[in-house]
6 protein chains.
Amino acid sequence: DFVRALDEVKPLFGVSEEDLSRAVEGGIIKFSPHIDKILETGAEFINQVKSNTTPLLSVLVHGPRGSGKTALAARIAIDSEFPFIKLVRPMDMIGMNEMQKIQYLQKVFTDAYKSPLNILVLDDLDLILDWVPIGPRFSASVLAAIKGLMKNKPPLGRPLLIFATTSEKTVLQQLQISFNQQIAVPNVNTQQELAHIMHDSGQFEDIQRAIQMIEETTGKREIGVGIQQVILGIQTAMQVDDSTGRFAEVMSDFISEA
Amino acid sequence: DFVRALDEVKPLFGVSEEDLSRAVEGGIIKFSPHIDKILETGAEFINQVKSNTTPLLSVLVHGPRGSGKTALAARIAIDSEFPFIKLVRPMDMIGMNEMQKIQYLQKVFTDAYKSPLNILVLDDLDLILDWVPIGPRFSASVLAAIKGLMKNKPPLGRPLLIFATTSEKTVLQQLQISFNQQIAVPNVNTQQELAHIMHDSGQFEDIQRAIQMIEETTGKREIGVGIQQVILGIQTAMQVDDSTGRFAEVMSDFISEA
Amino acid sequence: DFVRALDEVKPLFGVSEEDLSRAVEGGIIKFSPHIDKILETGAEFINQVKSNTTPLLSVLVHGPRGSGKTALAARIAIDSEFPFIKLVRPMDMIGMNEMQKIQYLQKVFTDAYKSPLNILVLDDLDLILDWVPIGPRFSASVLAAIKGLMKNKPPLGRPLLIFATTSEKTVLQQLQISFNQQIAVPNVNTQQELAHIMHDSGQFEDIQRAIQMIEETTGKREIGVGIQQVILGIQTAMQVDDSTGRFAEVMSDFISEA
Amino acid sequence: DFVRALDEVKPLFGVSEEDLSRAVEGGIIKFSPHIDKILETGAEFINQVKSNTTPLLSVLVHGPRGSGKTALAARIAIDSEFPFIKLVRPMDMIGMNEMQKIQYLQKVFTDAYKSPLNILVLDDLDLILDWVPIGPRFSASVLAAIKGLMKNKPPLGRPLLIFATTSEKTVLQQLQISFNQQIAVPNVNTQQELAHIMHDSGQFEDIQRAIQMIEETTGKREIGVGIQQVILGIQTAMQVDDSTGRFAEVMSDFISEA
Amino acid sequence: DFVRALDEVKPLFGVSEEDLSRAVEGGIIKFSPHIDKILETGAEFINQVKSNTTPLLSVLVHGPRGSGKTALAARIAIDSEFPFIKLVRPMDMIGMNEMQKIQYLQKVFTDAYKSPLNILVLDDLDLILDWVPIGPRFSASVLAAIKGLMKNKPPLGRPLLIFATTSEKTVLQQLQISFNQQIAVPNVNTQQELAHIMHDSGQFEDIQRAIQMIEETTGKREIGVGIQQVILGIQTAMQVDDSTGRFAEVMSDFISEA
Amino acid sequence: DFVRALDEVKPLFGVSEEDLSRAVEGGIIKFSPHIDKILETGAEFINQVKSNTTPLLSVLVHGPRGSGKTALAARIAIDSEFPFIKLVRPMDMIGMNEMQKIQYLQKVFTDAYKSPLNILVLDDLDLILDWVPIGPRFSASVLAAIKGLMKNKPPLGRPLLIFATTSEKTVLQQLQISFNQQIAVPNVNTQQELAHIMHDSGQFEDIQRAIQMIEETTGKREIGVGIQQVILGIQTAMQVDDSTGRFAEVMSDFISEA
Ligand SMILES: Nc1ncnc2c1ncn2[C@@H]1O[C@H](COP(=O)(O)OP(=O)(O)OP(=O)(O)O)[C@@H](O)[C@H]1O
Ligand SMILES: Nc1ncnc2c1ncn2[C@@H]1O[C@H](COP(=O)(O)OP(=O)(O)OP(=O)(O)O)[C@@H](O)[C@H]1O
Ligand SMILES: Nc1ncnc2c1ncn2[C@@H]1O[C@H](COP(=O)(O)OP(=O)(O)OP(=O)(O)O)[C@@H](O)[C@H]1O
Ligand SMILES: Nc1ncnc2c1ncn2[C@@H]1O[C@H](COP(=O)(O)OP(=O)(O)OP(=O)(O)O)[C@@H](O)[C@H]1O
Ligand SMILES: Nc1ncnc2c1ncn2[C@@H]1O[C@H](COP(=O)(O)OP(=O)(O)OP(=O)(O)O)[C@@H](O)[C@H]1O
Ligand SMILES: Nc1ncnc2c1ncn2[C@@H]1O[C@H](COP(=O)(O)OP(=O)(O)OP(=O)(O)O)[C@@H](O)[C@H]1O
Ligand SMILES: [Mg+2]
Ligand SMILES: [Mg+2]
Ligand SMILES: [Mg+2]
Ligand SMILES: [Mg+2]
Ligand SMILES: [Mg+2]
Ligand SMILES: [Mg+2]
């Protein structure tokens, strides 16, 4: 069902935060087997850390803009039921100078070192580093701090799982930030996947008509649009009577611009 | 009618500001069907947010210099009758350092989070970021703040519509600022559109003569000049007796330089 | 007559300043019809603002070094008899940091907003922005302030005319500073123009001999030297007995180096 | 045996630190004769300094990421039984400004000058210098300090052995940091080496099957993966029943990405 | 005569300074007619300013390193017998920050505005601007100050003559510093000029032998070395018995390296 | 004899410092006639200054890394028996900011101006300027100070001889630092020179065998290694029984890497 999925993610253990919940507010629509596979892999990493086999594990969650990286990382983190889960977003550090950002990050890691099982989600890591492709520019000292903190072994018996999300994987590679593992999050790519989401929304009567219109307008079968934009397109379409036609229009625009 | 249209935009609801009113001081001349379409699309975005279907919607209003971006965004915002509407201009932040600009922007967004329906107009967003093509230069920390604030979901029940204007669309793309939707504002492009504006001004007796002179001088039919310059040209022409001839001269200069 | 023309420009209305007067100290020699045309166009812009048709008008006065831009802008401004006229020079801001420069500029504009009719002359605008072609370098924050201030509509009933002078027109274009209108100031280009100035100075007995010598030495008829240098050349020549011969020498050097 | 090797490296002489011990927590698996050779060469450098033949000796330990540089340098240092051994890591200087970093480094060297036999391990020296390949960027003043300190002769009778580790040897060359000697640390390169490690772990029943699967998946015999990643791969494989199959999968991924 | 010529330049009028005197300590050897011509032209500029025909005159003294620019400018200045003469050297501003340099320069000009006849010698102007060709780098704010100060008309009746020396004329051009006039200072270029200097020194018995040896060693007749180096060569040669032979050696080295 | 030569350089006159002595701790082995020539030339410069013929003389001592520049400059300085000799090293300025470095350098020169005969050794001048080839970077303000101080004439009767050492001669040229004279210090280049040093050390029985082994391993007769590395190679070889064989190994490595 397409309504807000907030209740579903309410913090059960007192550790996940409001922000984390809001990240999966829109729910996770399983529009393709990839989504299940991602959640499964995430669960495996949880176990590897939970069993204390690996005391420090870093996982890069990468994919196109709006493909659902943050929502999926948040979902996996919440489902771990770890006592300490923390979402770190660029937004949380607005207006801080470099030194303050570093202190904030140090505090986050130090907090994590105190709980028996820990997850940090570094959301939009490229933006945490103030990355801008023009220049290019970034905060070298925050980068140094992130590298040091991500390589630092937590105290014995305090295993730490780090998720970092980004739509700029190559940037992180160029900045020489290493991760132990990676999860790739795909766009909505096939007509079938799109149909799944439309059906799930309960807003459309003739799904096939919309899909056909999109194919005609764009002249191709590939969708290549993030789940986030697809949901926005549905919301725009909901404003008018011919929601099917309007959705086809909006999606065609998104596909052409992609 | 060509006289100042200030009264028409007087704040009706106590929320729009003096600045917003002055932005549409010159009125909106409907010199082409595009103008109606833009106002209509704007109204649809207003509804999408008003109905709380989409709690956060960002719209880029882009087009050549002087094409009327600010006036149109202001017009749409004023017509929404939303209780909170705020125009943010580069001018308002002159002499602030980066940290002060960020605090100012945070204050603006925080204010918006307090009212039930909100519109922010970020005017000349490229200049808010201190963008200069030579270098190029820009304020990386203000950019980071804008990205964070524009991606941050407002509190539940406080939907926010963000308009940003720019004549440098590709710059914002290179800086990786994402928008949910876009509105393109065109120049005055055809002779017919120019004639419409001349007629609307009530200043010219022989509109066709002027148009013909322009075509002869410039050697082409396309105008390609922003509405703002066209209006300035009329004002210059008004100073002399042969306003028609003078207008043709001035417009020809503008067209050649464009 | 060639003597200092200071008295002629003494502030009549208590508003123009010492600096403005000194800028036209050397008088305006009408060595070509262009000079009359420039003064005339300037007077038209004065009227457009005086009549309050256009509340904000910006004019770029551009041309080669020493061509007389500052003197002409000062002349036009003084002749307007506007109650508020202000010359803003790079020299006035030496030793100020960026923030102080911005405050100074804000003060200048704020002062202008208080008088019923206003002219600002931003002399050597490229240098006000600390422009240096090597780098290139400039003050991005002063640029931002200038852009904001030049685009800001003055209060109702306080029309403002802005003149900016520069010998670097393309620089201002690259920095994306827009002007409503432009005035091009030429060098002394023809032998006839040079003869006019020599005659005006009352220093030479055989003007044609000098001109012929110059043509022989340089091998061309074009002069291409600013009025400022021509006047300096006359002053150098005045030191010796054969002022005609010496003037030809000095001018030939200037022409060759130009 | 594959269990944590912490006890084995407990500080015996009160000088090596917790950090140093943790660096060889995973033990040293002698998967190839290179490892013995490295330890032997290291012991020779220890003797050269211990005998006071050479009062200042600097050794660069370089190799691919995760190849075991830090563990080997720590091992050699601990085995020296020198009274003063100090590990200097980028992590230890997070949040320090350049001046503080320099003071920290000066303190470390000054401390070393007080003991009769001294070893400093500068771990990830490129990161101590805040090196980032994009730009490239680094801290010029910390670099200057490192150069000065590494060239400074210790007081008579206080010989100092400096190990520096890096996976960016060419960077240090370009930055013109000179070393007296070098130790190259290789990846796990052959199937035989990999089999050695797998056997050592005691986690696999059919080592040859895994190796064969890897060769089939990757299509080549070379491994080319650091010991650190190999150990992580074993830990991941340990989570599932078919650890042999899973290890082959994970290793194949690592080999393909390398 | 070759002995120190300090007495000759002792301040006669209480205005020229110790530094100015030391700049011509080595005297001015009139090794070529160029030297007389330079001194003569300098005297003419003095007159042009003294007669108050030109209230502000700037002269660039340029030439190769060690060619005698500073000594000649100092000589001309001292010979003017103006009440205010000031030598401004990079050395005088060592350790000042940009703001302090600007204040120092403002003070120098302000001082000059107080006396009836004034000369400023800006020695090594490129270095006053902290110019370094690598980068290139320079102090943009000191440059802005210099431009402003050099363009600023002194008070009525306080004419100012500015000499600036540099061996980097093109740099000053690129930095867009304008001068009203220029003086080019040449190297010692011919054998005859060199012989003149050798003779003047009274140190050599067989001048022609030395010259012949130099021509043989270097394989050319051109000298192309600054007067400063020639004098140093004589001083080196004075240390040994065969001063003629040694001088030929040293000069040949200088010529080859030039 | 190869033992430490410290005693030999003990300060005799109370002016040379501990640092200066340590710089020639390893003695000067006269492995080639070049070494004698360098010491002789140095002595001549000493005389030129001592006799007060030249009040300010600057000499650049340049050559490959480890070729013995510092030891030779120190040797010449100590042998001068001047009352004031000062070694200035990058190490002495670690942790100083630019302003502090400049003050330190000013102090050093001011101290020198107080004694009747003075020598300054600016060791590794490129590093005193914080030169790094990547960027490239350097301290522009320290460079300006060095230029000013090196050009500044000392008070009458206080002649000053400045030695500067560097392995980056072209860098100093590009930075436009001028020297009056130069001394080039060569590597150990021939087998004969190497044999001289080996013999001098008294550590080898069969020198020719080592030389032959080196030629065979490297495939060439040229050595091209600095004296400093050769001495280190001997020290390494001294640790093992077959010192001859080990020396050949180590030297071959050094030659290959050079
Ligand atoms: N299968 C899914 N995977 C991920 N998100 C989903 C899925 N189904 C629905 N959603 C919803 O789609 C939205 C995805 O947005 P999200 O912010 O997570 O994307 P993102 O990739 O992090 O975007 P960005 O690149 O801007 O950071 C969320 O609102 C989420 O609830
Ligand atoms: N159809 C129209 N659309 C927009 N503006 C119009 C229209 N008709 C008249 N105008 C007037 O034209 C002017 C447009 O100027 P405006 O500042 O909005 O342009 P802009 O595109 O924002 O310029 P800039 O690129 O400088 O920001 C306003 O004064 C407005 O009142
Ligand atoms: N027709 C003229 N136009 C302008 N200036 C004239 C004219 N006739 C004489 N002058 C004198 O010539 C001089 C022109 O100098 P001015 O400083 O105005 O030139 P400029 O173009 O502003 O120079 P710069 O490029 O250095 O700013 C003034 O002294 C002015 O009095
Ligand atoms: N033969 C070996 N050599 C080195 N390390 C080994 C060896 N055998 C096992 N190990 C273990 O492998 C790991 C090597 O990791 P280490 O951090 O030393 O690598 P590194 O090269 O320093 O990595 P990085 O490039 O990230 O700095 C350690 O945990 C160590 O205990
Ligand atoms: N004809 C001459 N012209 C100039 N200097 C001369 C002449 N004859 C002798 N000298 C002496 O030569 C020296 C010239 O040095 P000076 O410092 O003036 O040269 P410079 O061109 O300013 O050098 P730099 O390029 O280093 O600034 C002075 O000592 C001066 O006394
Ligand atoms: N003939 C020689 N010349 C110079 N140094 C020698 C000679 N013979 C022996 N030595 C010794 O060799 C060493 C040379 O090292 P030194 O530091 O002077 O070299 P350098 O060229 O200054 O090195 P760097 O390039 O690192 O500054 C010293 O220890 C010195 O005592
Ligand atoms: Mg996200
Ligand atoms: Mg606008
Ligand atoms: Mg001017
Ligand atoms: Mg390591
Ligand atoms: Mg000079
Ligand atoms: Mg040295």
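Above this note sits the structure.
How each quantity is defined
- Residues numbered from 1 in each chain as written.
- Chains lettered and ligands numbered in written order.
- Predicted model: local features only at pLDDT ≥ 70, side-chain atom pairs only at ≥ 80, totals over all residues.
- Heavy atoms only, no water.
- Contact = heavy atoms within 4.5 Å.
- Buried area = accessible area lost by both parts, 1.4 Å probe.
- Salt bridge = Lys/Arg side-chain N within 4 Å of Asp/Glu carboxyl O.
- Phe/Tyr/Trp six-rings, centres within 6.5 Å; stacked < 30°, edge-to-face > 60°.
- Helix = DSSP H or I, 4+ residues; strand = E, 2+ residues; numbered from the N terminus.
- Buried < 20%, exposed > 50% of the residue type's maximum accessible area, 1.4 Å probe, protein only.
- Lys NZ or Arg CZ within 6 Å of the ring centre and 35° of its normal.
- Pairing = 2+ DSSP bridges.
- Axes fitted to C-alpha atoms, helices over the stretch in contact; angles between N-to-C directions.
- Least-squares fit on C-alpha atoms with pLDDT ≥ 70 in both.
- Polar contact = N/O pair within 3.5 Å; in protein donor to acceptor, adjacent residues only side chain to side chain.
- Near = heavy atom within 4 Å.
- Areas by Shrake-Rupley, 256 points an atom, 1.4 Å probe, with all protein chains shown as cover.
- 1 Å grid on protein atoms, 1.4 Å probe; cavity = no way out; pocket = protein on both sides within 12 Å on 5 of 7 lines; lining within 4 Å.
- Points joined across faces, edges and corners; volume = space filled by probe spheres on them.
- Nonpolar A, V, L, I, M, F, W, Y, C, P; charged D, E, K, R; others polar.

Caption draft 1: Looking closely at the interface of chain E and chain C. In this complex, chain E contributes 36 residues to the contact, which on the side of chain C involves 29 residues. Buried area between chain E and chain C, summed over both chains or domains, comes out near 2700 Å², and the portion from carbon and sulfur atoms is 53%. Summed over the three residues of chain E that lose the most area to chain C, namely T53(E), K153(E) and Q176(E), the buried surface amounts to 20% of that side. Run the count over chain E and chain C and you get three salt bridges.

Caption draft 2: Main features of the packing of aromatic side chains. On inspection of all chains with the given rule, the structure shows twelve aromatic pairs over all chains. Residues F204(C) and F247(C) carry aromatic rings whose centres are separated by 4.9 Å and whose planes lie at 45° to one another, so their mutual orientation is tilted. Placement of the pair is F204(C) in the loop between helix 8 (191-201) and helix 9 (207-218) and F247(C) in helix 11 (residues 243-257), with a sequence separation of 43 residues. With a relative accessible area of 0%, F247(C) lands in the buried category. Considering the side-chain rings of W131(E) and F138(E), the 6.1 Å spacing of their centres and the 20° angle between planes classify their relative orientation as stacked. A cation over a ring is seen here: R137(A) above F138(B), with NZ or CZ 4.1 Å from the ring centre.

Caption draft 3: Quick peek at the sheet that holds strand 3 (residues 118-122) of chain D. Residues and elements named next belong to chain D. Spatial strand order, 2-3-4-1-5: five strands in an open sheet with parallel pairing. On the outer flanks of this sheet lie strand 2 (84-88) and strand 5 (181-184), each paired with one strand and no other. For this sheet the average axis-to-axis angle between neighbouring strands, irrespective of direction, equals 15°. Note that strand 2 and strand 3 share five bridges and pair parallel. The residue of strand 3 that forms the bridge with F84 is N118. Sheet strands touched by helix 4 (residues 98-112): strand 2, strand 3 and strand 4 (160-166). Its angle to strand 2, the strand with the most contacts, is close to 165°.

Caption draft 4: Local environment of the relation of the copies chain B and chain A. Once chain B is rotated about the relating axis by 60° and shifted along it by 0.1 Å, it coincides with chain A to within an RMSD of 0.0 Å. Read as a symmetry element, the transformation amounts to a six-fold axis. Considering only C-alpha atoms, the part of chain B nearest the rotation axis is G135(B), at 8.5 Å.

Caption draft 5: Up close: the sheet that holds strand 4 (residues 160-166) of chain B. Residue and element names in this part refer to chain B. Across the sheet, which stays open at both edges, the five strands sit in the order 2-3-4-1-5 with parallel pairing between neighbours. Each having just a single partner strand, strand 2 (84-88) and strand 5 (181-184) make up the two edges of the open sheet. The average angle at which neighbouring strand axes cross in this sheet is 15°, direction not considered. Where helix 3 (residues 69-80) meets the sheet, its contacts fall on strand 1 (56-62), strand 2, strand 3 (118-122) and strand 4, and the angle it forms with strand 4 comes to roughly 165°.

Caption draft 6: Representation of the interface of chain B and chain A. Across the contact, 36 residues belong to chain B and 29 residues belong to chain A. Between chain B and chain A the total buried area reaches about 2600 Å² when both faces are included, carbon and sulfur atoms providing 54% of it. For chain B, the biggest contributors to the area lost against chain A are T53(B), K153(B) and Q176(B); these three give 20% of the whole. Scanning the region where chain B abuts chain A turns up 13 residue pairs in polar contact (both at pLDDT 80 or more).

Caption draft 7: Region of interest: unusual backbone geometry. Residues G135(C) and P136(C) are joined by a peptide bond in cis, for which omega reads -15°. Structurally, the position occupied by P136(C) is in the loop between helix 5 (125-128) and helix 6 (140-151). Phi angles above zero are rare outside glycine, and D124(C) is one such case at about 50°. Looking at the element boundaries, D124(C) is found in the loop between strand 3 (118-122) and helix 5. Of note, Q176(E) is a non-glycine position whose phi angle comes to about 60°, a positive value. Structurally, the position occupied by Q176(E) is in the loop between helix 7 (169-174) and strand 5 (181-184).

Caption draft 8: Representation of the site of ligand 6 in the model. Not every one of the 19 residues close to ligand 6 is listed here, only the nearest: G27(F), I29(F), G68(F), K69(F) and T70(F). Near ligand 6, the surrounding residues are drawn from chains D and F. Between G68(F) and ligand 6, the recorded distance is 2.7 Å, taken from a backbone N or O atom to an oxygen atom. Here Q228(F) contributes a side-chain N or O atom positioned 3.2 Å from an oxygen atom of ligand 6. Notes on ligand 6: free accessible area 630 Å², of which the protein chains cover 92%. If you list the elements that add at least two residues to the shell around ligand 6, you get helix 3 (69-80) and helix 10 (227-237) of chain F.

Caption draft 9: Inspection of empty space enclosed by the protein at higher detail. Summed over the entire model, instances satisfying the criterion amount to four cavities of 30 Å³ or more. Approximately 40 Å³ is the volume found for the largest cavity. Lining the largest cavity we find A144(D), K147(D), P90(F), L127(F), D130(F), W131(F) and V132(F). A class-by-class count of the residues in the lining of the largest cavity yields five nonpolar, no polar and two charged.

Caption draft 10: Quick look at the arrangement of the chains. Contact between chain B and chain E is absent, and the least distance between their C-alpha atoms amounts to 15 Å. For chain D and chain E, which are not in contact, the least C-alpha distance works out to 15 Å.

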